[in-house]
Structure formats: structure tokens, C-alpha cells
Amino acid sequence: MLRDLRKLPTDRVLVSPSVLASDFSCLGGEIVRAAQAGADVIHLDVMDGGFVPNLSFGPPVIRSIRPKSGLLFDTHLMIEHPAKYAAAFAAAGADHLTFHLECSDPAGEVIDAIRKAGCTVGISLKPATPPEAVFPWLEKIDLVLVMTVEPGFGGQSFMAGQLPKIAAIKREILRRKLHIQLEADGGLDERTVIPTASCGANLIVAGTSVFRHPEGMEEAIRRLHAATGVLDSQL
Ligand code: DX5
Ligand code: ZN
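For the structure given in this document, a descriptive report is provided here. Fair warning: this is a prediction, and the values are worked out from it, not measured in the lab.

### Notes on the nonpolar core
Part 1: Counting residues in each nonpolar core, the largest one holds 70 residues, and the members touching the most others are Ile 42, Phe 99, Val 134, Val 144, Ile 169 and Val 210.
Part 2: Judged by nonpolar contacts, the second largest core, of ten residues, contains Leu 8, Leu 14, Val 41 and Leu 143.

### As for the environment of Ala 39
Part 1: Its place among the elements puts Ala 39 in the loop between helix 1 (27-36) and strand 2 (41-47).
Part 2: Judged by its relative accessible area of 8%, Ala 39 is buried.
Part 3: Each residue touching Ala 39, except ones within four places of it in the same chain, is listed here: Val 15, Pro 17, Ala 34, Leu 71 and Ile 221.

### Describing the side chain of Thr 196
Part 1: Structurally, Thr 196 can be placed in helix 6 (residues 193-198).
Part 2: Residue Thr 196 is classed as buried on the basis of its relative accessible area of 0%.
Part 3: There is a polar contact of 2.7 Å between the side chain of Thr 196 and the backbone oxygen of Thr 192.
Part 4: Discounting chain neighbours no more than four positions away, the residues touching Thr 196 are Phe 158, Leu 163, Ile 166, Ala 184, Leu 188, Ala 201 and Ile 204.

### As for the sheet that holds strand 3 (residues 72-78)
Part 1: Overall, parallel pairing links the eight strands, which are arranged 1-8-7-6-5-4-3-2 in an open sheet. Taken across any chain shown, the strands that pair with only one partner, and hence form the sheet edges, are strand 1 (14-17) and strand 2. Strand-to-strand twist of the sheet, defined as the mean angle between neighbouring strand axes without regard to direction, takes the value 25 degrees.
Part 2: One ladder, built from seven bridges, connects strand 2 with strand 3; its direction is parallel. Each bridged residue has a counterpart across the sheet, and for Ile 42 the counterpart in strand 3 is Phe 73.
Part 3: Contacts from helix 5 (residues 163-175) reach strand 5 (120-125), strand 6 (143-147) and strand 7 (181-185), with the element oriented near 170 degrees to strand 7.
Part 4: Packed on one face of the sheet, helix 8 (residues 217-225) meets strand 1 and strand 8 (203-206) and runs near 140 degrees to strand 1.

### So, the packing of aromatic side chains
Part 1: Tallied over the entire structure, the rule returns one aromatic pair.
Part 2: A centroid spacing of 6.0 Å and a plane angle of 55 degrees characterise the contact between Phe 24 and Phe 57, whose relative ring orientation is tilted. In this pair, Phe 24 is assigned in the loop between strand 1 and helix 1 and Phe 57 in the loop between strand 2 and helix 2 (59-65), connecting sequence segments 33 residues apart.
Part 3: On the basis of relative accessibility, which here comes to 41%, the residue Phe 24 falls in the partly exposed class.
Part 4: Lying across the ring of Phe 73, Arg 66 places its NZ or CZ 3.6 Å from the centre.

### With respect to the coordination of the zinc ion (ligand 2)
Part 1: At the metal site, the zinc ion (ligand 2) is ligated by His 43 (NE2), Asp 45 (OD), His 76 (ND1) and Asp 185 (OD), and these contacts range over 2.1 to 2.3 Å.
Part 2: Seen from the zinc ion (ligand 2), its six donor atoms lie at angles of 69 to 169 degrees, and the figure they make is octahedral.
Part 3: Look at where the donors of the zinc ion (ligand 2) fall in the sequence and you get H-x1-D-x30-H-x108-D. In this pair, the class of His 43 matches that of Asp 45, namely buried.

### Brief notes about the side chain of Asp 40
Part 1: Tracing the backbone through its elements, the reader meets Asp 40 in the loop between helix 1 and strand 2.
Part 2: Arg 12 is the oppositely charged side chain nearest to the buried, salt-bridge-free Asp 40, at an N-O distance of 4.4 Å.
Part 3: In terms of polar contacts, Asp 40 uses its side chain to reach the side chain of His 225, at 2.7 Å.
Part 4: Not counting the four nearest positions on each side in its chain, Asp 40 is found in contact with Arg 12, Val 13, Leu 14, Val 15, Leu 71 and His 225.

### Observations concerning the packing of helix 3 (residues 82-92) against helix 4 (residues 107-116)
Part 1: The N-to-C vectors of helix 3 and helix 4 enclose an angle of 10 degrees; their axes lie 8 Å apart at closest approach. It follows from the interaxial angle that helix 3 and helix 4 lie roughly parallel. Contact residues: Pro 82, Ala 83 and Ala 86 in helix 3; Glu 109, Val 110, Ala 113 and Ile 114 in helix 4.
Part 2: Here the contact of helix 3 with helix 4 is composed, by residue class, of six nonpolar, no polar and one charged.

### Focus on the site of ligand 1
Part 1: Lining the immediate environment of ligand 1, one finds 20 residues, of which Asp 45, Gly 152, Asp 185, Gly 207 and Thr 208 sit closest.
Part 2: A distance of 2.9 Å is found between an oxygen atom of ligand 1 and a backbone nitrogen or oxygen belonging to Gly 155.
Part 3: Between Asp 185 and ligand 1, the recorded distance is 2.7 Å, taken from a side-chain N or O atom to an oxygen atom.
Part 4: Protein burial of ligand 1: of its 380 Å² of free accessible surface, 98% is covered by the chains.
Part 5: If you map ligand 1 onto the pockets, it falls in the largest pocket.
Part 6: Counting only elements with at least two residues in the shell around ligand 1, the list comes to strand 2, strand 3 and strand 8.
Part 7: Residue contributions to the shell around ligand 1 peak at three residues, all from strand 2.
Part 8: Considering only residue class, the shell around ligand 1 consists of eight nonpolar, ten polar and two charged.

Rules and cut-offs
Residues numbered from 1 in each chain as written. Chains lettered and ligands numbered in written order. Predicted model: local features only at pLDDT ≥ 70, side-chain atom pairs only at ≥ 80, totals over all residues. Heavy atoms only, no water. Core = buried A, V, L, I, M, F, W, Y, C linked by side-chain atoms within 4.5 Å. Buried < 20%, exposed > 50% of the residue type's maximum accessible area, 1.4 Å probe, protein only. Helix = DSSP H or I, 4+ residues; strand = E, 2+ residues; numbered from the N terminus. Contact = heavy atoms within 4.5 Å. Polar contact = N/O pair within 3.5 Å; in protein donor to acceptor, adjacent residues only side chain to side chain. Pairing = 2+ DSSP bridges. Axes fitted to C-alpha atoms, helices over the stretch in contact; angles between N-to-C directions. Phe/Tyr/Trp six-rings, centres within 6.5 Å; stacked < 30°, edge-to-face > 60°. Lys NZ or Arg CZ within 6 Å of the ring centre and 35° of its normal. Donors = N, O, S within 2.8 Å, 3.2 Å for Na, K, Ca; no water. Tetrahedral: all angles 85-135°; square planar, octahedral: opposite > 155°, others 65-115°. Lys, Arg positive; Asp, Glu negative; His and termini not counted. Salt bridge = Lys/Arg side-chain N within 4 Å of Asp/Glu carboxyl O. Parallel < 35°, antiparallel > 145°, perpendicular 65-115°, else oblique. Nonpolar A, V, L, I, M, F, W, Y, C, P; charged D, E, K, R; others polar. Near = heavy atom within 4 Å. Areas by Shrake-Rupley, 256 points an atom, 1.4 Å probe, with all protein chains shown as cover. 1 Å grid on protein atoms, 1.4 Å probe; cavity = no way out; pocket = protein on both sides within 12 Å on 5 of 7 lines; lining within 4 Å. Sits in = over half its atoms within 2 Å of the grid points.

The quantities given are spatial measurements derived from coordinates; they are silent on function.
Next comes the structure, spelled out in C-alpha cells:
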């Protein structure tokens, strides 16, 4: 199984199911179910009750589910002090750590802490943050995550106003010829994935629409993967 984000392709749609929408009473089984249904990586939403007005889980939970899956753990840190906790998440089994540019730690320090811990690095932008904010960091990171809802909760409506931001970041990635995963997170389903992938996002986070799809998880993931057909078409 591939657990190095740098080796994942950027020219097809990959699906990262968010376990926030899963049944936490059997989290290990839910991850196995997602892997069997065709998930490419697993999205783990970490919230500290400070950076976002919600709490989820931390390193002990990640450690407990690590033996259940060979898939890459795409860990989304919605926390104020990612530099302080990067080593703990890496030791628990996270392969990739995405932090928010709006957090309280300087971005350069967080990137160094994540690299030192041995993980690949992502930067996430909240809806109000402009695309240019991440441009100075592009050469130093492996992934950009554009939030298509306000971070903190699953099950919210997709914000179509974020599409131009996705396109602007993708154009810059292509202009500089960088191999960077462009990820979108929030309110994504078989319908909203179309404009999102058209604008250049290839790594699609989906919680509710995957774990609670009426026709099952395999069908949900298959329909998201099908958006490879429109990837980058609106650039
Ligand atoms: C929100 C999280 C998302 C969330 C997505 O703060 O970062 O990953 O779980 O959930 P859905 O797909 O239900 O919008
Ligand atoms: Zn997330």
C-alpha cells in the first residue's frame, strides 16, 4: 500500500473519506469498509476546540486505528498549535499532516516541525483566506487544502464561491511545474465534485456523501472517481 503522498498521482481524482461522518463506535471497521469500497487515502479531522468550535480526536485514536489499514492517513489539523503536536501525530501513525495557515504558529516553523517528524506537509486555507496567501509556501509543501465549508463540522453545504480560489491555486501550481496535491474539503458529493475537479482539485475529501450514501460507499466513491473526466477542464 502507498503511504507516501508524493507518490500519489495528481492527474486523476482521488477520494479521501472523512471519518468524521463514520460510526465512531466501530471506527476501525469503518476504515476497513472505506478501504474495501475504493478509498485512496483516509481523511482524519483533528479539532482542538480552539481553532474551531468543535472537538474530535487526537493521537491516541490515530494510534489505535493505525493497524487496521495500510492506507495513507491524510491528517487535517484544525488546531492552534500544530508545531507543538506534529511529532505526536507522526508517532501515532499519521503519514501526512495538513495545518491551517490561519493558526497561531508561524508557517515556517510548522513546516519544519512536520518535516522533522517525517511526514509530508499540507497547508489549508479557510474560506476567507485568499489564494495568494499560500503562494510563498508552494515550493516547500506537498499539498494545498482549500476548505469549501467553514472548518469545524461535517454535513455543511458546499461553498461554490471557493471555486475561483481552487482554480487560481491550480494555475500557479501548473505555472511553477510543481507536483502538489490540490485537495478540497467540505460539502463534496457526486454533484459538487464536478465543478471542483473542473477547477483543478484532484484530492476530494468526502464525509457524509461517502459514509452515508443511500447506494453504498462503493458506489459513492465510484461516482467521485468519475470526475477524473472533467479534471482541470475549466482552467
Ligand atoms: C470539516 C472537515 C471535513 C468534514 C467534511 O471541518 O474538515 O473534513 O468532515 O464533511 P462533509 O463531507 O460531510 O462536508
Ligand atoms: Zn477535513
